[in-house]
Amino acid sequence: MISEQRIFQAYYTKSKPIVSYMVDLLDLNGTETVFEPCAGDGVFIDPILDKYQDIKIDAFELNEKACNTLNSKYLDLENISVKQTDTLTDLDLEFLCSMGGKYDAVIANPPYGAWRNTLDRATLKKRFNGFYAKESYSLFLYRSIESLNEGGKLVFIIPDTYLNLNMHKDIRKYILSKTKIKEIALFPSSYFPGVNFGYANLSIIALEKSSDYQSNIENTFKIIKNYKSVEELGSNNLKHLTKLKIQQKNVLNNEGYIFLTNANPNVSACIKQAKTSIGDICDCATGFYSGNDKDRLKVLSKEIRNSKRYDVIDKEKITYDCSSRPLNGIDSEKMYIPIVKGGNVRYYKADNWFMEWSKDLVSFYKKDKKARYQNSSFYFRKGIAVPMVSSSSITGAIIENRLFDQSIVGIFPKQERLIHYLLAFFNSPTCNKLIRTINPSTNNSSNYIKRIPFLQPSIEQEKTITENIKQIIEQVKISGDYDLDIETENNKIIEELYGF
């Protein structure tokens, strides 16, 4: 049974500063027809009615309980229409959208990640021009823009992932082509009281529907961030705020139409102008999954982080020699091989985890639906392991003669001599600035890593960094630590090369 919370993903906006800011952005005069596509408990309707008692509002709500509450609440108000329906599949609304829209203003806090079965998602994807259908908020955004009259205004509070993630590139192109963005405010999800829904940051976007493509792409909008508190929303004259002015055509010219929200113009310019990227000089691939790590993955010691669920390995069953690249498994009692897992460790990860790798089991991995015997041509090769999920900074560690799991993006330079230079680069503040501009979340998928600009170091720079990294790796192998001065020297060389 799917829980009601997961189906509706109804996180009601209980922050007065957020609500006030969003209503103010609509800039109503009281003569409009307003649409609330996921009305919840009426949190946006009430402040609008406080200002304009006779304004016409259509409220849609899927949840029957919430809809009954709305009907009771606004029973005596003829200007408030409440309908229990799914905004994404409502045929009357779809017809109005096909006729050019009906509403002068839309305001909403749409569902984030509302659960849909596979058939529903396939139907929605077809209905919404191929847009990503697994994340519901982008479909609400699209449908709500369609529902506006020409010149109608929209204000939404949604996760900031639509600004950068590959899956949302179609909605980005639609917004940039079919609307004039007025303002985007970025702030932590902690400003949203009392809920934890898995998104680090939220945004409030205000825009205006427009059919004038040329005018739209010439439009300049503001991105505002670095708020110190939720009460600062709307106070855009504060000195500590970062305010970026961006032209829509410049975003359309970015790969994947991503919004570059880094305030450092050198970082954005590097991403836009670089002729070579990591994807041009490296193969990037995610690694292996056994389908049942609890039984097949072993740990060296219970002192290892996150080892509670796993059995300790019998050291007599470990083979460390994988130089022959046993892609079909090992025909010996020493059937466990080292595997590199996620976790933010720089330069070198000790052999703490071991995967069962007998010939029979590898044959099973290749056929099992749960297992992921993927990108096997990169198994046991020399490369760099970058965790798929990082904390504040991206990190990289050397892979050699080892397996790597699906929580890792393996980076394999086409010229192996670059491996030490790139290992320094992936542990540098410069690389972190680039990846966090390309994708501000902590998800370092291979598609984002491939976009990172690569600038060729000089022969001397490459030589210095290569020797430094060899020293660091040896130090880590011996003592588990390394000389920070060597790392600082590497970082300075990379900073000078990139300009930031």
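Not measured: the values here are computed from a predicted model.

For the rest of this paragraph, the subject is the packing of helix α16 (residues 429–438) against helix α19 (residues 484–498). Contact geometry of α16 with α19 gives a least axis separation of 8 Å together with a crossing angle of 50°. With respect to each other, α16 and α19 are oriented oblique. Only Asn491, Ile494, Glu495 and Tyr498 of α19 make contact with α16, whose side of the interface consists of Pro429, Thr430 and Leu434. Per-class residue counts for the contact of α16 with α19 are 4 nonpolar, 2 polar and 1 charged.

Checked against the element boundaries, Ser479 lands in helix α18 (residues 459–479). A polar contact of 3.3 Å, which involves the side chain of Ser479, links it to the backbone nitrogen of Asp481.

This part is about the pairing of strand β8 (residues 220–225). Bridge count between strand β6 (residues 179–188) and β8: 3 bridges; the pairing is parallel. Along β8, the bridge assignment pairs Ile184 with Ile223.

For the chain, the mean per-residue pLDDT works out to 91, and 93% of the residues sit at or above 70. Contacts from residues 1–10, a stretch scored under 50 in pLDDT, to residues over four places away or in other chains number 20 contacts.

Taken across its 5 residues, strand β13 (residues 336–340) has 5 buried, putting it largely inside the fold. Alternating residues of β13 divide into Tyr336, Pro338 and Val340 and Ile337 and Ile339, and every residue in both groups is buried. In terms of strand pairing, β13 meets strand β14 (residues 353–356) through 3 bridges, oriented antiparallel. Within β14, the residue paired with Tyr336 across the bridge is Glu356. With 2 bridges connecting them, β13 and strand β17 (residues 403–404) associate as parallel partners. Bridge pairing in β17 links Ile339 to Leu403.

Moving on, we get to the sheet that holds strand β10 (residues 282–286). Pairing is antiparallel in the open sheet, where 4 strands are placed in the order β10-β18-β15-β16. Looking at the sheet topology across the chains shown, the edges are occupied by β10 and β16 (397–399). Neighbour-to-neighbour, the strand axes of this sheet turn through a mean angle of 30°, independent of strand direction. Both β10 and strand β18 (residues 408–413) contribute to a ladder of 5 bridges, which runs antiparallel. When the bridges of β18 are listed, Cys284 appears paired with Ile411.

Attention shifts here to the sheet that holds strand β2 (residues 56–61). Adjacent strands of a sheet pair through backbone hydrogen bonds, lying either parallel or antiparallel. Taken in spatial order, the 9 strands line up as β3-β2-β1-β4-β5-β7-β6-β8-β9 in an open sheet, and their pairing is mixed. Looking at which strands have only one partner, the edges of the open sheet turn out to be β3 (80–84) and β9 (242–247). Looking at each pair of strands side by side, their axes are set apart by 15° on average, direction ignored. As judged from the 2 bridges shared by strand β1 (residues 33–36) and strand β4 (residues 103–108), these two strands associate in the parallel manner. By the bridge assignment for β4, Phe35 is matched with Val106. Contacting β4, β5 (148–159), β6 and β7 (201–209), helix α7 (residues 136–146) runs over the sheet at an angle of about 165° to β5.

Turning to the state of the cysteines, a few remarks are in order. The tally for this structure, following the rule as stated, stands at 0 disulfides. The thiol sulfur of Cys97 is not disulfide-bonded, and the nearest other cysteine sulfur, from Cys38, lies at 14 Å. A relative accessible area of 9% places Cys97 in the buried class.

About the thresholds
- Residues numbered from 1 in each chain as written.
- Predicted model: local features only at pLDDT ≥ 70, side-chain atom pairs only at ≥ 80, totals over all residues.
- Heavy atoms only, no water.
- Axes fitted to C-alpha atoms, helices over the stretch in contact; angles between N-to-C directions.
- Helix = DSSP H or I, 4+ residues; strand = E, 2+ residues; numbered from the N terminus.
- Parallel < 35°, antiparallel > 145°, perpendicular 65-115°, else oblique.
- Contact = heavy atoms within 4.5 Å.
- Nonpolar A, V, L, I, M, F, W, Y, C, P; charged D, E, K, R; others polar.
- Polar contact = N/O pair within 3.5 Å; in protein donor to acceptor, adjacent residues only side chain to side chain.
- Pairing = 2+ DSSP bridges.
- pLDDT = per-residue confidence, 0-100.
- Buried < 20%, exposed > 50% of the residue type's maximum accessible area, 1.4 Å probe, protein only.
- Disulfide = S-S within 2.5 Å.

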